[in-house]
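Structural description and commentary
What follows is each chain in one-letter form.
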Amino acid sequence: MKQKVVLAIGIFMAVAIIISSCQSESDLNFKRYYTAGLAVYQTHCQNCHGANGEGLGALMPPLNDSVYLKNNLHNLSCSIKTGKQGGITINRKTYNQQMPAQSDLTPMEIAQVLTYINNSYGNKLGLLDDQQVEADLKRCNF
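Read on for a plain summary of the structure. Here the structure is a predicted model, which means the values were calculated and not measured.

Notes on the overall build of the protein
Within the protein, the secondary structure is distributed over seven helices and two strands. Secondary structure of the protein in N-to-C order comes out as α-α-α-α-α-β-β-α-α. The contacts of the protein with a sequence gap of at least 6 include a subset with a gap of at least 24, amounting to 59%. Counting only carbon and sulfur atoms, one obtains 57% of the accessible surface of the protein, whose full area is about 9000 Å².

Structure follows, in structure tokens:
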């Protein structure tokens, strides 16, 4: 009986190793960004946008509008780094509250949090890496 349990555990571990080794480098990279992005989100974004990206009533927008995110993908880095003033419309509702700058975030952290947001709350927009964020930040109007 003991041998069968040990054998079963061994087979389970071998299958787990095989499955995890079948992931491509891009899949692993996405998971790294996404996981790190959750931590950045919890530290810098969650107070205003909520634990589930639901926003804060009429003050702060939810993060579940993939159309807005997709259409503004290359402006989001600037919005995070320098803040955002003026109204934005999410799910046909306008929000006018100012978004504070997160100027202490690195391009990598911005890429991580955007990868997290862009793939959470019903969004499926894929990886946004730090090189793209750096290119986007160069186009900001500082």
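From this point, the discussion proceeds with the structure in view.
Considerations on helix 2 (residues 25–44)
End to end, helix 2 covers 28 Å across 20 residues, agreeing with the expected 28 Å (1.5 Å per residue, within 8%). Within helix 2 the residues assigned to the buried category are Tyr33, Gly37, Val40 and Tyr41. Buried residues along helix 2 cover an arc of 100° about the axis, so they all sit on one side. The exposed residues of helix 2 that point more than 90 degrees off its buried face are Thr35 and Thr43.

Comments concerning the state of the cysteines
This structure, assessed with the given rule, holds one disulfide. Covalent S-S linkage joins Cys78 and Cys140, the inter-sulfur distance amounting to 1.8 Å. In this structure, the disulfide formed by Cys78 and Cys140 twists by about -100° around the S-S bond and is classed as left-handed. Taken together, the positions of Cys78 in helix 5 (residues 76–82) and Cys140 in the segment after helix 7 (130–138) put the pair 62 residues apart, joining distant regions of the chain. Per residue, the accessibility class of Cys78 equals that of Cys140, and both read buried.

Focus on unusual backbone geometry
Most peptide bonds adopt trans geometry, and most residues besides glycine take a negative phi value. Backbone geometry places Asn91, a non-glycine residue, at a positive phi of 50°. In this fold, Asn91 is placed in the loop between strand 1 (88–90) and strand 2 (93–95). You can call Asn91 partly exposed: its relative accessible area is 43%. Of note, Tyr121 is a non-glycine position whose phi angle comes to about 60°, a positive value. Tracing the sequence through the fold places Tyr121 in the loop between helix 6 (107–117) and helix 7.

Here's the deal with the environment of Ser120
Positionally, Ser120 belongs in the loop between helix 6 and helix 7. Owing to a relative accessible area of 5%, Ser120 belongs among the buried residues under this scheme. Through-space distance from the C-alpha of Ser120 to that of Asn52 is 8.7 Å; in sequence the pair is 68 residues apart.

So, the packing of helix 6 against helix 7
Where helix 6 meets helix 7, the closest approach of the two axes is 8 Å, and the angle between their N-to-C directions is 110°. With respect to each other, helix 6 and helix 7 are oriented roughly perpendicular. Regarding helix 6 and helix 7, the two cross each other, and that crossing is right-handed. Seen from helix 6, the contacting residues are Pro107, Met108, Ile110 and Ala111; seen from helix 7, they are Asp130, Val133, Glu134 and Leu137. Its residues assigned to classes, the contact of helix 6 with helix 7 shows six nonpolar, no polar and two charged.

Definitions and limits used
Residues numbered from 1 in each chain as written. Predicted model: local features only at pLDDT ≥ 70, side-chain atom pairs only at ≥ 80, totals over all residues. Heavy atoms only, no water. Helix = DSSP H or I, 4+ residues; strand = E, 2+ residues; numbered from the N terminus. Contact = heavy atoms within 4.5 Å. Areas by Shrake-Rupley, 256 points an atom, 1.4 Å probe, with all protein chains shown as cover. Expected span 1.5 Å × (residues − 1). Buried < 20%, exposed > 50% of the residue type's maximum accessible area, 1.4 Å probe, protein only. Arc of directions from axis to C-beta. Disulfide = S-S within 2.5 Å. Axes fitted to C-alpha atoms, helices over the stretch in contact; angles between N-to-C directions. Parallel < 35°, antiparallel > 145°, perpendicular 65-115°, else oblique. Left-handed = near helix turned anticlockwise from the far one by under 90°. Nonpolar A, V, L, I, M, F, W, Y, C, P; charged D, E, K, R; others polar.

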